[in-house]
Amino acid sequence: MQGLSMDSLCEKANNALSKQSISKYEAGKMMPDSKSLIILANALGVNIDYFFRPLAVSIENVEFRKKSKLGAKQIDSIKEVVKDKLERYFEIESIIDIQSEFNSVYSNVLIQGENDVFAIVACIKNDWKLGEDGINNLIEILEENKIKVIEIDAPNSFDGLSGFANGKNPIIVLNKNFDSERKRFTALHELGHLLLNFDSSINEKQIESYCNLFASEMLISKDVFIQKIGLNRRDISLQELQDIQEQFGISIDALMYKAKELNIITESRYKTFRIKKSQAPQFKEAVEESRYKQEQSNRFVRLVYRALASEIISISKAGVLLNTPVNAVRNQLNLV
């Protein structure tokens with residue numbers, strides 16, 4: 001998780017542990033004593049309980065789809081951070097006895113073209129009772145529908161990923177450092193990868209394009225967009241797009257791309273927009289400004305405090321699950 005070599009770990013432990021000892025711990029040839037465990041926990045920034053967790057999580061079908069400069073160590077680090085968060089998530093669900101198994105009915109539909117994507121979006125919006133207004137707190141909606149959303153502190157080269165934990169639990173991982181519009185679009189793009197069953201004739205580039213279409217349509221449907229913006233526009237004012245951005249939580253860049261794809265504006269007009277954005281810094285700043293409220297995943301924390309308030313777990317156990325000092329947990333409990 002920390003992306004450390006054994007030499008680096010020795011340094012972080014102030015050389016209180018030898019490289020040889022760490023190698024034996026990793027290989028299972030020797031067990032650390034209590035003093036060494038404390039040193040390891042402090043050096044790695046985890047609670048001692050971390051080393052004794054009974055649960056194990058495997059994540060499958062995970063791909064880092066964005067063309068990025070992430071190195072092997074960064075990829076391994078991200079995967080381990082995700083596993084750590086998921087283990088604690090599954091543990092609190094097990095303690096409260098919550099069933100989180102996900103069953104998707106949408107995989108029965110074979111995606112062969114854009115119309116199939118539109119049809120799936122309509123079904124999901126109907127099943128999840130989303131309507132055609134802007135989706136308020138998208139991350140909560142996903143978690144209510146048994147899709148775990150994990151936010152991590154990651155480099156800018158990482159947008160997000162999706163996959164399955166323990167073979168049956170869908171997960172979406174997001175970079176917590178991005179603005180709300182980017183996180184919302186990424187979350188829905190990854191949801192597309194989880195739910196859509198693509199025909200074998202569709203190549204990887206088309207799959208990415210269809211997942212982008214899925215995300216855009218989930219945020220604002222083509223019918224609503226046309227109703228708000230009209231047809232056959234030559235010019236669109238920034239104010240119009242800002243109002244839609246604030247209501248639906250979708251970026252102006254994504255809206256302009258949607259206008260091009262729906263033939264509301266021409267390909268040439270879209271290129272003009274891109275050129276203006278690249279040449280005019282103030283215009284670029286106005287286009288890329290985030291105007292939608294920030295969202296985050298709260299379900300895991302809520303479940304921990306639910307168990308704590310119900311006296312199912314102790315404050316110290318809550319601290320371990322939340323990876324938070326006991327005093328901070330006690331101060332936040334605030335029973336009513």
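Keep in mind the model is a prediction, meaning the values are calculated, not measured. (Residues numbered from 1 in each chain as written. Predicted model: local features only at pLDDT ≥ 70, side-chain atom pairs only at ≥ 80, totals over all residues. Heavy atoms only, no water.)

**Q** Tell me what's going on with the sheet that holds strand 3 (residues 148-152), and back it up with residues and numbers.
**A** Strands sit in the order 1-4-5-3 across an open sheet of 4 strands; the sheet is mixed. Both outer strands of the open sheet, strand 1 (59-60) and strand 3, are each paired with one neighbouring strand and no more. The pairing of strand 3 with strand 5 (residues 169-175) spans 5 bridges and is parallel. The residue bridging V149 from the neighbouring strand is I172, located in strand 5. The sheet strands contacting helix 4 (residues 72-96) are strand 1, strand 3, strand 4 (160-165) and strand 5, and the helix crosses strand 3 at an angle near 135°. (Pairing = 2+ DSSP bridges. Helix = DSSP H or I, 4+ residues; strand = E, 2+ residues; numbered from the N terminus. Contact = heavy atoms within 4.5 Å. Axes fitted to C-alpha atoms, helices over the stretch in contact; angles between N-to-C directions.)

**Q** Give me the lowdown on helix 7 (residues 180-195), citing residues and values where you can.
**A** With 16 residues, helix 7 should cover 22 Å at 1.5 Å per step; its first-to-last C-alpha distance of 22 Å lies within 8% of that length. Most of helix 7 sits inside the fold, with 14 of its 16 residues counted as buried. Among the residues of helix 7, the N-terminal cap falls to D179, whose side-chain oxygen and the backbone nitrogen of E181 are separated by 3.3 Å. (Expected span 1.5 Å × (residues − 1). Buried < 20%, exposed > 50% of the residue type's maximum accessible area, 1.4 Å probe, protein only. Polar contact = N/O pair within 3.5 Å; in protein donor to acceptor, adjacent residues only side chain to side chain.)

**Q** Hey, could you go over the pairing of strand 5 for me, with residue numbers and the actual values?
**A** A regular strand places its side chains on the two faces of the sheet in alternate fashion. A large share of strand 5 lies buried, amounting to 7 of its 7 residues. Note: strand 4 against strand 5, 6 bridges, orientation antiparallel. What sits directly across from A165, in strand 5, is N169. Here strand 4 hands over to strand 5 after 3 residues, with N166 in that stretch at a positive phi of 55°.

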